[in-house]
Structure formats: structure tokens, C-alpha cells
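# Structural overview
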Amino acid sequence: MDESCLLCSGDRLTEWRFEDEDCWVADCIVCMTPMIVWRTHGLPDPHRERALIGRLEQVAAERYGEDGFWVDPERRRIPDHWHAHARPAGGFFDPRSPLFEEPADGEG
Ligand SMILES: [Zn+2]
Ligand SMILES: [Zn+2]
């Protein structure tokens, strides 16, 4: 537990979609996409990471459909506490995010 870590404090700033003893899934306050957070501060081993990603995929499939999303494992803002985003296919932000941009027409 790192007191200065936003993911450890786990403030419920957005709706939580899922939680169990290992992890929780909530809408990211920036992207508004489903984001899974491991409850432990640090990085899981690959086996556990796969299980966590599977949990995220279940939540994402309910929102975007089975093939309507991609998992983004890159930790840009908080690299030392494991989390991952599920983003809408072809996009980065959920349409509800203020940062969402409509795909430009006519681009190949
Ligand atoms: Zn943390
Ligand atoms: Zn985000």
C-alpha cells in the first residue's frame, strides 16, 4: 500500500463495474473506458496478469461487444501499480469522455 498512489487509495470517483478480492474494474476518470486495477501495489506475474485481463475482457464485452474493444496494457500515468484499459475498437477514449474525438471521415 502506497499512500500517494491513486490506484491504492481507490477512490470511487466513477462507477465500479466489478470487484473481487484480487481486483476492481471501474471507468477511468480520464478515458471513461473500463479499467482494471490489481488490488496489490506492484506488478503481477504473467499467469495472474492473464487472469486479470480475462476479467477485464468480460466487462469490456458487455459494454462494447465481443469484438468491439482492444486491451491496452500500457501504464502511462502510474507505471508501478498494475492496471489495464479496455478501449473501443479503433479508438482510445470512450464516447463519454470529454477527450473523445469522432473518427475523421474519408480516412483510409
Ligand atoms: Zn498503488
Ligand atoms: Zn484512462
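So, here is what we can say about the structure in this document. Everything numeric here is computed off the predicted structure, so don't read it as measured data.

### A short note on the overall build of the chain
Within the chain, the secondary structure is distributed over 2 helices and 5 strands. Counting from the amino terminus, the chain carries its helices and strands in the arrangement α-β-β-β-α-β-β. Taken against the 2.2 N^0.38 rule, which gives 13 Å for 108 residues, the C-alpha radius of gyration of the chain at 14 Å falls within 12% of a compact globule. Dimensions of the chain along its principal axes, counting C-alpha atoms only, are 50 × 25 × 20 Å. Expressed as a percentage of contacts within the chain between residues at least 6 apart in sequence, the contacts between residues at least 24 apart total 50%. In the form shown here, the chain has an accessible surface area of approximately 6,700 Å², with 49% of it arising from carbon and sulfur atoms. In the chain, which carries 12 positive and 23 negative side-chain charges, the distance between the mean positions of the two groups comes to 3 Å.

### Here's the deal with the layout of surface pockets
The rolling of a water-molecule-sized probe over the atoms marks out the regions of remaining empty space. Approximately 410 Å³ is the volume found for the largest pocket. For the largest pocket, the lining is made up of 24 residues, of which Leu-7, Cys-28, Ile-29, Met-35 and Arg-77 are closest to its centre. Broken down by secondary-structure element, the contributors of at least two residues to the lining of the largest pocket are α1 (6-9), β2 (23-27) and β5 (83-88). Here the lining of the largest pocket is composed, by residue class, of 13 nonpolar, 5 polar and 6 charged. Gly-90, Gly-91, Phe-92, Phe-100 and Glu-101 are the residues nearest the centre of the second largest pocket, which is lined by 11 residues in total. A per-class count over the lining of the second largest pocket returns 8 nonpolar, 2 polar and 1 charged.

### Some words on the coordination of the zinc ion (ligand 1)
Protein-derived ligands of the zinc ion (ligand 1) are Cys-5 (SG), Cys-8 (SG), His-41 (ND1) and His-81 (ND1), with the metal-ligand distances lying across 1.9 to 2.3 Å. Taken together, the 4 donor atoms coordinating the zinc ion (ligand 1) and their angles of 102 to 114 degrees define a geometry best described as tetrahedral. Read in sequence order, the donor residues coordinating the zinc ion (ligand 1) give the pattern C-x2-C-x32-H-x39-H. One end of the pair, Cys-5, is in the segment before α1; the other, His-81, is in the loop between β4 (69-72) and β5, and 76 residues separate them in sequence. With respect to burial, Cys-5 and His-81 carry one shared label: buried.

### Comments concerning the pairing of strand β1 (residues 16-19)
Every other side chain in a regular strand lies on the same face of the sheet, so the side chains alternate between the two faces. Pairing geometry for β1 and β2, over 3 bridges, is antiparallel. If you follow Glu-19 over to β2, its bridge partner there is Trp-24. In sequence, β1 turns back onto β2 through a hairpin of 3 residues.

### Some details on the sheet that holds β4
Read from one edge of the open sheet, 5 strands run β1-β2-β3-β5-β4, paired in antiparallel fashion. Looking at the sheet topology across the chains shown, the edges are occupied by β1 and β4. Adjacent strand axes in the sheet meet at a mean angle of 20 degrees when their direction is disregarded. Together, β1, β2, β3 (34-38), β4 and β5 form the strand contacts of helix α2 (residues 46-64), whose direction differs from that of β3 by roughly 155 degrees.

### Quick word on unusual backbone geometry
A positive phi angle is found at Met-32, which is not glycine, with a value near 65 degrees. Mapped onto the elements of the fold, Met-32 is located in the loop between β2 and β3.

Criteria and cut-off values
- Residues numbered from 1 in each chain as written.
- Chains lettered and ligands numbered in written order.
- Predicted model: local features only at pLDDT ≥ 70, side-chain atom pairs only at ≥ 80, totals over all residues.
- Heavy atoms only, no water.
- Helix = DSSP H or I, 4+ residues; strand = E, 2+ residues; numbered from the N terminus.
- Rg over C-alpha atoms; globule rule 2.2 N^0.38 Å.
- Contact = heavy atoms within 4.5 Å.
- Areas by Shrake-Rupley, 256 points an atom, 1.4 Å probe, with all protein chains shown as cover.
- Lys, Arg positive; Asp, Glu negative; His and termini not counted.
- Charge placed at Lys NZ, Arg CZ, Asp CG, Glu CD.
- 1 Å grid on protein atoms, 1.4 Å probe; cavity = no way out; pocket = protein on both sides within 12 Å on 5 of 7 lines; lining within 4 Å.
- Points joined across faces, edges and corners; volume = space filled by probe spheres on them.
- Nonpolar A, V, L, I, M, F, W, Y, C, P; charged D, E, K, R; others polar.
- Donors = N, O, S within 2.8 Å, 3.2 Å for Na, K, Ca; no water.
- Tetrahedral: all angles 85-135°; square planar, octahedral: opposite > 155°, others 65-115°.
- Buried < 20%, exposed > 50% of the residue type's maximum accessible area, 1.4 Å probe, protein only.
- Pairing = 2+ DSSP bridges.
- Axes fitted to C-alpha atoms, helices over the stretch in contact; angles between N-to-C directions.

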